[in-house]
Each structure stands twice: as structure tokens, then as C-alpha cells.
Amino acid sequence: MATVGKHILKNCRCWLNGYDMSGDLSQMALTSTPKNPELNLFGPSSSVRRMAGLWNTVADHQGLWDTAETGGLDKTLYDEIGVSEGVMSVAPLTGAAGETAFTFVSTVGQYNPGGRHGDLFGFSVHAEGGNLIRGTVMVNGNLTATGTGTAMKLGPVAEGQQLYAAMHVLSASGTNPTLVMAVQSATTQAFGTPTERLALPQVIAPGGWWATPVAGPITDEWWRVSYTIGGTATPKFLAVVILGIQA
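Residues numbered from 1 in each chain as written. Predicted model: local features only at pLDDT ≥ 70, side-chain atom pairs only at ≥ 80, totals over all residues. Heavy atoms only, no water.

Trainee: Where do I start with the side chain of H168 in this structure?
Mentor: Structurally, H168 is set in strand β14 (residues 162–186). A distance of 2.8 Å separates a polar side-chain atom of H168 from the backbone oxygen of N17. Beyond its immediate sequence surroundings of up to four residues, H168 is in contact with W15, L16, N17, V87, M88, S89, G207, L238, A239 and V240. (Helix = DSSP H or I, 4+ residues; strand = E, 2+ residues; numbered from the N terminus. Polar contact = N/O pair within 3.5 Å; in protein donor to acceptor, adjacent residues only side chain to side chain. Contact = heavy atoms within 4.5 Å.)

Next comes the structure, spelled out in C-alpha cells:
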């Protein structure tokens with residue numbers, strides 16, 4: 001019996017703003033559900049009607065505590081408690097360009113470090129947000145020079161849909177490094193006449209950013225990310241960009 005499409009979790013990735021949580025986690029879970037208010041209206045029907053409302057996304061992750069005082073998981077999660085407009089993304093495979101990833105604007109509501117006597121010191125984290133975007137990893141790697149990512153055929157943005165983009169910058173080095181990223185589309189893979197669809201903010205340090213969605217219709221089917229790097233002393237950024245197209 002064929003097992004195409006099945007996957008055992010081994011090297012999946014989880015990013016929260018400018019931190020890669022992957023090596024600290026042993027369990028990840030995402031739940032995305034719409035609220036379904038009842039429409040109790042007068043009429044001949046005896047059934048209760050419901051209408052899909054606002055979406056709610058919940059992330060519940062578990063792992064092992066990190067003792068690093070600066071730049072580690074404990075400090076990162078502690079500082080994120082109650083902070084809105086964070087960006088969390090999960091890639092179930094390896095996080096490589098071209099793979100599926102899920103991303104949303106998150107608020108960490110609970111961070112629970114602890115354990116029993118004799119156990120490894122662990123933690124759990126609970127975050128919530130709105131719409132969960134199923135997208136594609138467009139960039140994941142070290143960027144050392146101005147250029148463009150791989151062109152991918154994601155399809156058009158239909159009427160009623162939007163183009164979403166999330167960016168995680170995990171490290172930045174060099175003297176006065178700067179990074180500006182933009183999303184481009186074209187009618188062909190060659191990108192002979194690309195059109196810039198949205199620009200992400202200039203980056204000088206690690207963090208996470210959520211672009212303002214761009215509404216369709218956009219008929220172009222090919223997409224890529226361009227990046228401009230500035231600074232001296234060999235500027236370098238480790239960055240991840242995820243694009244999604246949905247309502």
C-alpha cells in the first residue's frame with residue numbers, strides 16, 4: 001500500500017519571531033477553528049443554523065528548558081508573554097524552500113517551565129492568534145549578497161483571496177547590516193517583467209515580521225522573493241520567508 005504523503009516528525013521546524021525553537025521542542029500542535037455563532041431565527045425549520053465566524057488558532061508546544069541567559073529559549077519565551085503581534089511558523093518537514101509551512105500572528109499566553117524530581121526540566125508554551133495561513137517556504141538560508149530566491153508557481157490570487165507573507169530573521173552579522181525583502185510576481189518562470197506586490201520592512205537585527213496582506217485579484221502565477229543586502233564587513237542574514245494565498 002502506498003504511503004506517499006505520510007510523514008514521521010523528525011526534523012520539523014518552529015520559528016517564533018527571530019528564534020528557532022526547533023531544537024528545544026519534542027512536541028508541537030496547531031489547532032485552527034472558526035467560531036460558529038448560532039442563527040436562531042423564526043421560521044418553519046426546527047434545526048439550529050450556524051454561520052462560520054472569526055477564526056482562532058492555538059499553538060501548544062512542549063520541550064526541554066534552555067539555560068542560556070541571552071538569546072536562549074527561556075529568555076525568548078519569557079519576554080514574549082502577553083506581547084501581541086508576534087509571528088509563529090511551523091514547517092512539518094524540514095523547513096526547506098518549496099515545502100509547506102503554517103504561519104500566524106501570535107500572542108504567547110502561557111509559558112510553563114517545570115518538571116518532577118529527577119526528570120529533565122521541561123516547559124510548555126501556549127500561544128493564540130487569528131487566521132492560520134497555509135503557505136510555502138520561499139527562502140530559508142544564509143543571505144550574503146543581493147539577489148532573488150527560487151521562482152515558484154503558487155498560482156494566482158483570486159477575487160476574495162489575499163497574498164500573505166511572514167518573515168523570520170534568525171541572525172544578522174557584519175557592520176551595520178541591512179536587509180530589505182520584497183515579494184514579486186510574474187506571468188512566467190523567467191520573470192522577464194516582474195511586478196513587486198509587497199515590501200517587507202528594512203531589517204537590521206533578528207526578529208519576526210508580518211506583512212500587510214495584499215488583496216486579489218492577481219493573475220500572475222509565478223512568485224519569488226527578492227532581497228537587498230547592505231552594510232560592510234561581510235554582512236549576512238539567516239532568514240526564512242513564507243508566502244500564502246488564501247481568503
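Trainee: Explain the pairing of strand β7 (residues 55–64) to me, please; I cannot follow it from the model alone.
Mentor: A regular strand places its side chains so that they alternate between the two faces of the sheet. Where strand β3 (residues 25–27) lies against β7, two bridges are found, and the strand directions are antiparallel. Note that in β7 the partner of Q27 across the bridge is Q62. Note: strand β4 (residues 30–34) against β7, five bridges, orientation antiparallel. Residue pairing across strands places T33 opposite N56, the latter belonging to β7. (Pairing = 2+ DSSP bridges.)

Trainee: Help me understand the nonpolar core in this model?
Mentor: Nonpolar side chains in soluble globular proteins generally cluster together in the buried interior. Counting 26 residues, the largest nonpolar core has L143, L179, M181 and W223 as its most contacted members. Mapped onto this core, the elements with two or more residues apiece are β11 (133–143), β14 and β18 (222–246). In terms of residues, this core owes the most to one element, β18, which gives nine residues. Not counting chain neighbours up to four residues away, the residues in contact with L179 comprise L143, V169, P201, Q202, V203, Y227, T228, I229, F237 and A239. Counting residues in hydrophobic clusters, the runner-up holds 17 residues, among them M21, A59, L73 and V90. (Core = buried A, V, L, I, M, F, W, Y, C linked by side-chain atoms within 4.5 Å. Buried < 20%, exposed > 50% of the residue type's maximum accessible area, 1.4 Å probe, protein only.)

Trainee: It is not clear to me how the packing of aromatic side chains should be interpreted in this structure. Could you clarify?
Mentor: Each aromatic ring pair is specified by the distance between its two centres and by the angle formed by the two planes. Scanning all chains against the criterion turns up three aromatic pairs. With centroids separated by 6.3 Å and ring planes inclined at 55 degrees, the aromatic side chains of Y164 and W210 adopt a geometry described as tilted. Here Y164 is found in strand β14, whereas its partner W210 is found in strand β16 (residues 207–210), with 46 residues between them in sequence. You can call Y164 buried: its relative accessible area is 8%. (Phe/Tyr/Trp six-rings, centres within 6.5 Å; stacked < 30°, edge-to-face > 60°.)

Trainee: How should the layout of surface pockets be read in this particular structure?
Mentor: A water-sized probe, rolled over the atoms, reveals where empty space remains. Its boundaries defined by the atoms lining it, the largest pocket holds a volume of some 150 Å³. In terms of lining residues, the largest pocket is bounded by L9, K10, N11, C12, R13, S22, G23, L25, S26, Q27 and M28. Ranked by residue count, the leading element in the lining of the largest pocket is β3, at three residues. When grouped by side-chain class, the residues that make up the lining of the largest pocket number four nonpolar, five polar and two charged. (1 Å grid on protein atoms, 1.4 Å probe; cavity = no way out; pocket = protein on both sides within 12 Å on 5 of 7 lines; lining within 4 Å. Points joined across faces, edges and corners; volume = space filled by probe spheres on them. Nonpolar A, V, L, I, M, F, W, Y, C, P; charged D, E, K, R; others polar.)

Trainee: Before we go on, may I ask you to explain the environment of C12 in this structure?
Mentor: Mapped onto the elements, C12 comes out in the segment before β1 (13–16). Note: C-alpha distance between C12 and L198 (186 residues apart in sequence) is 28 Å. When residues no more than four places from it in sequence are discounted, the contact partners of C12 are S22, M28, A91, P92 and L93.

Trainee: Help me understand the pattern of salt bridges, please; the structure alone is not making it clear to me.
Mentor: Pairing between side chains of opposite charge can happen when the charged atoms of each approach one another. Scanning all chains against the criterion turns up five salt bridges. With a closest N to O distance of 2.7 Å, R13 and D20 form a salt bridge. For D20, a relative accessible area of 25% translates into the label partly exposed. The residue R197 makes a salt bridge to D220 at a minimum N-O spacing of 3.2 Å. With R197 in strand β15 (residues 195–199) and D220 in the loop between β17 (214–215) and β18, this pair connects stretches of sequence that are 23 residues apart. Overall, R197 belongs to the partly exposed group, its relative accessible area being 27%. By relative accessible area, which is 9% here, D220 ends up buried. (Salt bridge = Lys/Arg side-chain N within 4 Å of Asp/Glu carboxyl O.)

Trainee: What is the right way to look at the environment of L243 in this model?
Mentor: Position of L243 relative to the elements: it lies in strand β18. For L243, a relative accessible area of 1% puts it in the buried group. Separated by 46 residues in sequence, L243 and R197 place their C-alpha atoms 12 Å apart. Ignoring sequence-local partners within four residues, the contact set of L243 consists of G135, T136, M138, L154, Y164, A165, V183 and W223.

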